[in-house]
Amino acid sequence: MKNRIVAICCGIVLTASTVWGQISVNNFSFELPGSGKIKGWNGEAGADIPGWASDSQAVDSGVESDWPGSTHGSWSGFLMQGDPSVWQLTSYIIQPTDKFSLLVDARNNWSATTPAKLSISLYYDNAGARALAATSVFDLTDSWVTQTLGFDASTLPASWGKAIGIELANGSSPSSWIGLDNVRLALVPEPSAFALMGCGVVALALRRRGAR
């Protein structure tokens, strides 16, 4: 029975999520305001779509429900090629040993040529300016797929002690619209953290069994 407990606990460790500590993203699935389709992010104020902002007024980007569906809740965001990027500065302060994982569900809503492209970036706040920390461009299909971007803060000392932010852009050319949903930002643990967690779980289970 003791070996069975050890095996179960090790299984918990091996199948645990690769993220450790979710970082709050305001309006992460674009459910707010939930009052109807909105075109435009209202510039830097972000009042029309809580949590998100753009550097200038968008022409045909915003939030919608129904078509083309969503992966979380009933609403999703959309970005037109040529419109400004949308961004959000979180309240999390970057530490030297932090490793981040940014996940975004995205799809090609419509494009004149394929594939449509999504640009995902992580940045840090540099006295009010967005300083790039990591970025990648992903080819999209007409199905929702989770795209992932990683960032190891140990490689960028300039980011330490600064708030981390998210930026999303339509990187397509020519005309296209892309869908966005379920934006998640999390800290990724060192492998040793899972090992220590596993040891603790095993020790606790054995201790409780021995007390019976």
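Residues numbered from 1 in each chain as written. Predicted model: local features only at pLDDT ≥ 70, side-chain atom pairs only at ≥ 80, totals over all residues. Heavy atoms only, no water.

**Q** Honestly, the overall build of the chain in this entry has me stumped. Any pointers?
**A** Each helix and strand in the chain was counted, giving two helices and 11 strands. The order of α-helices and β-strands along the chain, N terminus first, is α-β-β-β-β-β-β-β-β-β-β-β-α. Across the 212 residues of the chain, 42% fall into the buried class. If you take every contact in the chain between residues at least 6 apart in sequence, the share linking residues at least 24 apart comes to 71%. (Helix = DSSP H or I, 4+ residues; strand = E, 2+ residues; numbered from the N terminus. Buried < 20%, exposed > 50% of the residue type's maximum accessible area, 1.4 Å probe, protein only. Contact = heavy atoms within 4.5 Å.)

**Q** Quick question: what am I supposed to make of unusual backbone geometry here?
**A** Note: most peptide bonds trans; most residues except glycine with negative phi. Each neighbour pair has its own omega, and for Leu32 with Pro33 the value is 10°, a cis peptide bond. For Pro33, the location among the structural elements is in the loop between strand E1 (22–23) and strand E2 (38–39). With an omega dihedral of 0°, the bond running from Ser173 to Pro174 counts as a cis peptide bond. Positionally, Pro174 belongs in the loop between strand E10 (163–170) and strand E11 (176–187). Positive phi, close to 55°, is recorded for Ala127, a residue that is not glycine. In this fold, Ala127 is placed in the loop between strand E7 (116–126) and strand E8 (129–140). A relative accessible area of 81% places Ala127 in the exposed class.

**Q** Got a minute to help me understand the nonpolar core in this structure?
**A** Grouped burial of nonpolar side chains is what soluble globular proteins tend to show. Among the nonpolar cores identified, the biggest contains 37 residues, and Phe100 and Leu168 are the most heavily contacted of them. Those elements that place two or more of their residues in this core are strand E6 (99–111), E7, E8, strand E9 (145–152), E10 and E11. In contact with Leu168, other than residues within four places in its own chain, are Trp52, Leu79, Ser85, Val86, Val104, Ser119, Ile120, Leu180 and Val183. (Core = buried A, V, L, I, M, F, W, Y, C linked by side-chain atoms within 4.5 Å.)

**Q** Got a minute to help me understand the side chain of Ser54 in this structure?
**A** Within the element layout of this structure, Ser54 appears in the loop between E2 and strand E3 (62–65). The class for Ser54 is buried, based on a relative accessible area of 0%. There is a polar contact of 2.7 Å between the side chain of Ser54 and the backbone oxygen of Ser56. (Polar contact = N/O pair within 3.5 Å; in protein donor to acceptor, adjacent residues only side chain to side chain.)

**Q** Mind showing me how you'd approach the pairing of E6 here?
**A** The side chains of a regular strand alternate, first on one face of the sheet and then on the other. Extensive coverage of E6 is indicated by the burial of 11 of its 13 residues. Relative to E9, E6 runs antiparallel, the two being bridged by eight bridges. In the strand pairing of E9, Ala106 is matched with Val145. Here E6 pairs with E11 via 10 bridges, running antiparallel. Within E11, the position partnered with Ser111 by the bridge is Ser176. (Pairing = 2+ DSSP bridges.)

**Q** When you look at the side chain of Ser119 in this model, what are you seeing that I'm missing?
**A** Counting through the fold element by element, Ser119 comes out in strand E7. Once residues within four sequence positions are removed from consideration, Ser119 is found in contact with Thr135, Ser136, Val137, Glu167, Leu168, Ala169 and Gly171.

**Q** Would you mind showing me how to read the packing of aromatic side chains here?
**A** How two aromatic rings sit relative to each other is given by the distance of their centres and the angle of their planes. Applying the stated criterion across every chain, the model contains five aromatic pairs. Between Trp110 and Trp177 the ring centres are 5.8 Å apart and the planes differ by 55°, which places this aromatic pair in the tilted class. Note that Trp110 is positioned in strand E6 and Trp177 in strand E11, a separation of 67 residues in sequence. With relative accessibility at 45%, the residue Trp110 sits in the partly exposed group. Aromatic ring contacts, followed pair by pair, group Phe30, Trp41 and Trp52 into a single cluster. (Phe/Tyr/Trp six-rings, centres within 6.5 Å; stacked < 30°, edge-to-face > 60°.)

**Q** How should the environment of Trp52 be read in this particular structure?
**A** Topologically, Trp52 is positioned in the loop between E2 and E3. Between the C-alpha atoms of Trp52 and Trp87, which are 35 residues apart in sequence, the distance is 5.7 Å. Reaching out from Trp52, the side chain makes a polar contact with the backbone oxygen of Asn27 at a distance of 3.1 Å.

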